[in-house]
Amino acid sequence: VANAFLVTVHRLMSKGQEAVLNQKVTSNVVALAFSAQHFLAVGTIEKKVLVFHLEDNKEPAILSVQVNSLCFSPAGNLLAVPGGSDGSGKVSLWQVAGESCEFAGLVKTRNVANVACFTEPGKVLAVGCEDSRVVLLAVEHGFKCWSELRCNFPVHYLTLSGSFLAAGGDRDICVFNISSSQIALQLPRQEERIQGISLSTSGSLLACCFRGHVTLLPLESATEVRTSMKVPDDKDRYKSRGTVTSLSLKSSPSDVMHTIHLSFADVQAGQDAGLQVSRSLKSTGSCANLDAGDAEEGKPSFHKSVSLPFESKAGEDSIDTEAYIPVDGDGEVSPPPWLLKPRISVTDMSQGEASRCTTPGEKEEDPEARALRKRQLLARDLGLDPAIQSKISIAEREGEAPIKLKHKDEVQSLSFHPSGSSLVAGGYDQELVLWNADSHSVTAQHHIESEIVAVCFSPCGEYVFCADSEREINVFKANTLELLAAEVLKEHFGCLAGISSPTQLLAVGCTAVVKIFSVPKLEEVISLEHGGQVHSLSFSPSLGMLAAAGGIDLTNGLLDYTKDHGDCKKAMVWKSTDMAGLWDEVTTINYKDFCHAAAFSPCGTALALAGEDRMISILSVGKNFQKATELPCGAGIRCLSWSYSSRLLASAGEDMRVSVWDVLFKRVVLHLPKADDWLCSLSFSSDSKWLATCGYGQNTVDLWPIEVEEKEFLC
């Protein structure tokens, strides 16, 4: 047990425990490792490793090396220390004996090595790196790389059980079958930050450690080998010349069929049914002739030589991957795992999007089928039904469209009530006005002492929030606009967002920070650092996330586009499990231009971002905010709004018109007529009857009657 500067070792006995070691260290402990020979390795932030032998009271051996993690081999005589910095990584290897620790070698990696672990026989060392790779090193062959496993997250944790290797990141876990180098199971993204993972010896349980609790996940695994593998005779063995980056395996009747099944135990059909993965991996037992000129018939061979699959990129040091495998006199040996590595599919990444390569004789995919397949993948990432197509049109109502809701001066902001029956708007006339959407009449009105900058409803529909140019925020009753609370801030601000579940909160986008207040008393809960002027805020409806889109810092001048404002141009996402004073940063999306708008979809599975780069980016929440698709626009975007079904997205801004997109089909399904100036705010009603807009230079709210039709799409 390591606690700050103290390391304690206990001997566990049937009647209790006995303290074996109490050792103070001079700096914080970052890693611990036990060996089978009763050695304890302690890594500290001072780039030191202390190696204690628990059977005696001698002073520890001190190794000077940067430490990210520690790992002993199963025999206990070899210590691996992954580390590195500034984009380069290394794994230091040390021979640990009773009297001394000697440096055994150094393995360099392409990026920082975060963690390492040995397989149970000790023949393979797995190294998890910051560049989302897990490098597998052959211990018996000079720690040469024979395979790499790819994750979609930086690898911070590794654990092995049999042929299964689990890799973990901050919130992601995937399980590989290392004999085939294939992903056997991808776990859903965790809501909390992972502190550690461990597979049980039998592989039936995966333990995930979080802050404050440990989760046990039951797993089922099975491997079936239907036929044995025949090793070729000596005359069929050939030595390759130079480095070979790939191997082809010759077909033969003595095929090996591995059926690998890994899933959650007792998973019922339903939402979690997609977690079950079952693959049949077929490989053959003889290596294709690489160069027949190197073999001499009749000459006895005592080694078989293969080239391990490793790719060396330009600018990187090439690695000699030639390894020798001893052969018995009978010629019957178990082939190493990399000879069984199958090729499941080939993907051509040279085009803009990944395209599937067909084998000879296979019919090429129909363009419509390809478009449907891509749409299905996008729908999966965004949590939508790919068979539904949405259409939107301007409804035929009495009078001309749009309906003009007149104010005395320019309108700056508007928001629909969650029921869609009313909307609130305000601007330069200092009047906060509540409108009835169906009768187009004023329901309530409240005078503000200065110009209104932003307004919004709380998601529960109980409150109206208002911010003015004198840095004051106000909370009103939604039906009467009765003032409940007011608070004056020190910072400039420009946007508001509220959330009602599990608690009532109001987020205020200010210069460099996002302030969160309790509702209705407006007591400050926390201040989140952003770095730039926050232009837009959006709460996820159910996942406890807050997105903030920002741009130029006001202290540098609004029109000074020549200065480099660095990381001010970005969108950030935070998450809180209790929606109180503890918020963790989930991700940061950097922009070259200013990001003006952020909007979570009503279903909570997508985040839309847009700004001066004239591109709407749709990010998948379930895939760690990876970009799912992009919608190109003709000019900069200032505001976004989702329809209630999360299938339609409205955008507006510097092109002076509203464009409504079908997100799955990635096309505009409705263009509204152009306005006289830039549009600064728009909103769909939740009943999909209205689309409201306002903009610079106009003293009205334009209320467009719309009709949304959703029907099954037949391909």
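Once a new chain begins, its residue numbering starts again from 1 and follows that chain's sequence as written. Given that the model is predicted, a residue must reach a pLDDT of at least 70 before its local features are reported, and side-chain atom pairs must reach 80 or more before they are shown or counted; all residues, however, enter totals for whole chains, interfaces and linings. As a rule here, side-chain values cover all heavy atoms of the structure and leave hydrogens and water aside.

I tried to follow the sheet that holds strand S17 (residues 164-168) on my own but got confused; where do I start?
Hydrogen bonds along the backbone pair up the strands of a sheet, which may run parallel or antiparallel. At least two DSSP bridges between two strands are required for those strands to pair. Helix numbering and strand numbering both begin at the N terminus, where a helix is a DSSP run of H or I of at least 4 residues and a strand a DSSP run of E of at least 2. Taken in spatial order, the 4 strands of this open sheet run S16-S17-S18-S19, and their pairing is antiparallel. Strand pairing shows two members of the sheet lacking a second neighbour, strand S16 (157-161) and strand S19 (182-186), which therefore form its edges. Here the average twist between neighbouring strands, direction ignored, is 25 degrees. In terms of strand pairing, S17 meets strand S18 (residues 173-177) through 5 bridges, oriented antiparallel. The residue bridging Phe164 from the neighbouring strand is Asn177, located in S18. Orientation is described by lines fitted to C-alpha atoms, with helices fitted over the stretch in contact, and by angles between N-to-C directions that extend from 0 to 180 degrees.

I'm lost on the sheet that holds strand S1 (residues 2-3) in this one. Help?
Spatially, S1-S2-S3 is the arrangement adopted by the 3 strands of the open sheet, whose pairing is antiparallel. Each end of this open sheet is capped by a strand with a single partner; those strands are S1 and strand S3 (16-24). Strand direction decides the pairing type here: S1 and strand S2 (residues 6-13), joined by 2 bridges, are antiparallel. Paired with Asn3 across the strands is Leu6, a residue of S2.

Explain the nonpolar core to me, please; I cannot follow it from the model alone.
General note: in soluble globular proteins, nonpolar side chains tend to be found buried as a group. In this structure, Leu125, Val134, Leu136, Leu158 and Leu165 are the most contacted members of the largest nonpolar core, which totals 36 residues. Should any heavy atoms of two residues lie within 4.5 Å, those residues are considered in contact. Filtering out sequence-adjacent residues up to four positions away, Leu158 remains in contact with Val115, Ala116, Cys117, Ala126, Val127, Gly128, Val134, Leu165, Ala166 and Ala167. Residue types Ala, Val, Leu, Ile, Met, Phe, Trp, Tyr and Cys, when buried and joined through side-chain atoms within 4.5 Å, form a set referred to as a nonpolar core. Classification of residues uses two cut-offs on accessible area relative to the type maximum, computed with a 1.4 Å probe and protein chains only: under 20% is buried, over 50% is exposed, and between them is partly exposed.

So what exactly am I meant to see when it comes to the packing of aromatic side chains here?
Two descriptors summarise a pair of aromatic rings, namely the distance from one centre to the other and the angle between the planes of the rings. Aromatic pairs are defined between Phe, Tyr and Trp rings, using the six-membered ring for Trp, whenever the two ring centres lie within 6.5 Å; interplanar angles under 30 degrees are classed as stacked, those over 60 as edge-to-face, and all others as tilted. Applying the stated rule across the entire model yields 2 aromatic pairs. Judged by centre distance (5.2 Å) and plane angle (70 degrees), the ring pair of Trp94 and Phe103 falls under edge-to-face. For Trp94, a relative accessible area of 11% translates into the label buried. On the numbers, 6.5 Å between centres and 55 degrees between planes, the contact of Phe539 with Trp583 is tilted. With Phe539 in strand S43 (residues 524-539) and Trp583 in the loop between strand S45 (570-575) and strand S46 (584-590), the pair connects residues that are 44 residues apart, well separated along the chain.

Just checking my understanding: could you explain the confidence of the model for the chain for this structure?
Regions with low pLDDT carry predicted coordinates that are not meant to be interpreted in detail. Put simply, the chain has an average pLDDT of 76, and 76% of its residues get 70 or more. What pLDDT conveys is the predictor's confidence in a given residue, as a value from 0 to 100. For residues 222-361, every residue scores under 50 in pLDDT, and the model assigns this stretch 226 contacts once sequence neighbours within four places are set aside. With pLDDT under 50 throughout, residues 553-566 is counted as low confidence; its partners more than four residues away or in other chains account for 15 contacts.

Explain the side chain of Ser415 here, please?
Along the chain, Ser415 falls in strand S33 (residues 411-416). You can call Ser415 buried: its relative accessible area is 12%. Polar contacts involving the side chain of Ser415 include one to the main-chain amide nitrogen of Phe457, which spans 3.4 Å. Ignoring any residue separated from it by four or fewer positions in sequence, one finds Ser415 in contact with Leu423, Val424, Val455, Cys456 and Phe457. Identification of polar contacts relies on pairs of N or O atoms within 3.5 Å, with a donor-acceptor requirement for protein atoms, meaning one able to donate a hydrogen and the other able to accept it, and with residues adjacent in sequence counted only if both atoms are side-chain atoms.

Got a minute to help me understand the pattern of salt bridges in this structure?
We count a salt bridge whenever a side-chain nitrogen from Lys or Arg sits within 4 Å of a carboxyl oxygen from Asp or Glu. Taken as a whole and judged by the stated rule, the model has 16 salt bridges. The partner of Arg133 in a salt bridge is Glu148, with the nearest N and O atoms 2.7 Å apart. Here Glu148 lies in strand S15 (residues 144-150) and Arg133 lies in strand S14 (residues 133-138), a separation of 15 residues in the sequence. For the pair Arg133 and Glu148, one class covers both residues: buried.

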